[in-house]
Amino acid sequence: MPVFCNAMAFIEVVCIHCRKPDDIVRNGKARSGLQRFLCRSCNKTFQLDYLYNANQPGIHERIVRLTHNGSGVRDIERYLNISRTTVIAHLKDYRRQQ
Ligand SMILES: [Zn+2]
C-alpha cells in the first residue's frame, strides 16, 4: 500500500474509484492547494479531502437516498451543506440514468 507523507504524518492511500491500493502516485495539487493523486490501475485522479462538500465521495448516493426517504431539495441542501442547484443537478442526472 503506498504511503505518502503530507508534512505532518504518513498516510495510506487507496483509490476511491477502484479501491485498489496499488499504483497510486501523487499528481500535483488542486487550486485549493490540496494534494491530488493518480491511480494508474483505473487511470483516474482523486483527492483524499475536498473543500467543497458536493465533491465528497458518495454524495450522489446520499442525495438519492434522502430523496427516496421524502426529503426535499431544501432539506438536503441544509443537511449536506451543499447548494440547492447542485442537489437539483444530481437529481436530474439520476432521472436521466433511469
Ligand atoms: Zn483506481
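See the structure above.
Keep in mind the model is a prediction, meaning the values are calculated, not measured.

Scoring rules and cut-offs
Residues numbered from 1 in each chain as written. Predicted model: local features only at pLDDT ≥ 70, side-chain atom pairs only at ≥ 80, totals over all residues. Heavy atoms only, no water. Helix = DSSP H or I, 4+ residues; strand = E, 2+ residues; numbered from the N terminus. Rg over C-alpha atoms; globule rule 2.2 N^0.38 Å. Buried < 20%, exposed > 50% of the residue type's maximum accessible area, 1.4 Å probe, protein only. Pairing = 2+ DSSP bridges. Donors = N, O, S within 2.8 Å, 3.2 Å for Na, K, Ca; no water. Tetrahedral: all angles 85-135°; square planar, octahedral: opposite > 155°, others 65-115°. Axes fitted to C-alpha atoms, helices over the stretch in contact; angles between N-to-C directions. Arc of directions from axis to C-beta. Contact = heavy atoms within 4.5 Å.

1. Here's the deal with the overall build of the protein chain
In step 1: Counting its regular elements, the protein chain contains three helices and five strands.
In step 2: From first element to last, N terminus to C terminus, the protein chain shows the α and β order β-β-β-β-β-α-α-α.
In step 3: The C-alpha radius of gyration computed for the protein chain amounts to 16 Å, which surpasses the reference 13 Å derived for 98 residues by more than 25%, pointing to a less compact arrangement than a globule.
In step 4: Considered along the principal axes of its C-alpha atoms, the protein chain spans approximately 40 × 30 × 20 Å.
In step 5: A buried classification covers 24% of the 98 residues belonging to the protein chain.

2. Details of the pairing of strand β4 (residues 35-39)
In step 1: Both strand β3 (residues 24-29) and β4 contribute to a ladder of four bridges, which runs antiparallel. Pairing of Ile 24 across the sheet is with Cys 39, part of β4.
In step 2: Hairpin remark: β3 followed by β4, antiparallel, with five residues in the connecting loop; positive phi at Gly 33, about 95°.
In step 3: Joining the antiparallel neighbours β4 and strand β5 (residues 44-47) is a turn of four residues, in which Asn 43 adopts a positive phi near 60°.

3. Details of the coordination of the zinc ion
Perfect tetrahedral coordination of a metal by four donors corresponds to 109.5 degrees between them, and perfect octahedral coordination by six donors corresponds to 90 or 180 degrees.
In step 1: Protein-derived ligands of the zinc ion are Cys 15 (SG), Cys 18 (SG), Cys 39 (SG) and Cys 42 (SG), with the metal-ligand distances lying across 2.2 to 2.4 Å.
In step 2: Coordination at the zinc ion is tetrahedral: its four donor atoms span angles of 103 to 121° at the metal.
In step 3: Going along the chain, you hit the donors of the zinc ion in the pattern C-x2-C-x20-C-x2-C.
In step 4: Residue class for Cys 18 comes out partly exposed when judged on its relative accessible area of 27%.

4. Considering the sheet that holds β4
In step 1: Spatial ordering of the open sheet is given by β3-β4-β5, a layout of three strands whose pairing is antiparallel. At either end of the open sheet lies a strand with only one pairing partner, and these are β3 and β5. Pairs of neighbouring strands in the sheet enclose a mean axial angle of 35°, with direction left out of account.

5. With respect to helix α1 (residues 59-68)
In step 1: Every buried residue belonging to α1 is among Ile 59, His 60, Ile 63, Val 64 and Leu 66, and all of these are buried. When α1 is viewed along its axis, its buried side chains cluster within an angular range of 165° and face the same direction.
In step 2: Considering only its buried residues, α1 is in contact with α2 (73-80) and α3 (84-97).

6. Quick word on the environment of Ile 63
In step 1: Secondary-structure assignment places Ile 63 in helix α1.
In step 2: Owing to a relative accessible area of 0%, Ile 63 belongs among the buried residues under this scheme.
In step 3: On a C-alpha basis, the gap between Ile 63 and Gln 97 in space is 15 Å, while along the polypeptide they are 34 residues apart.

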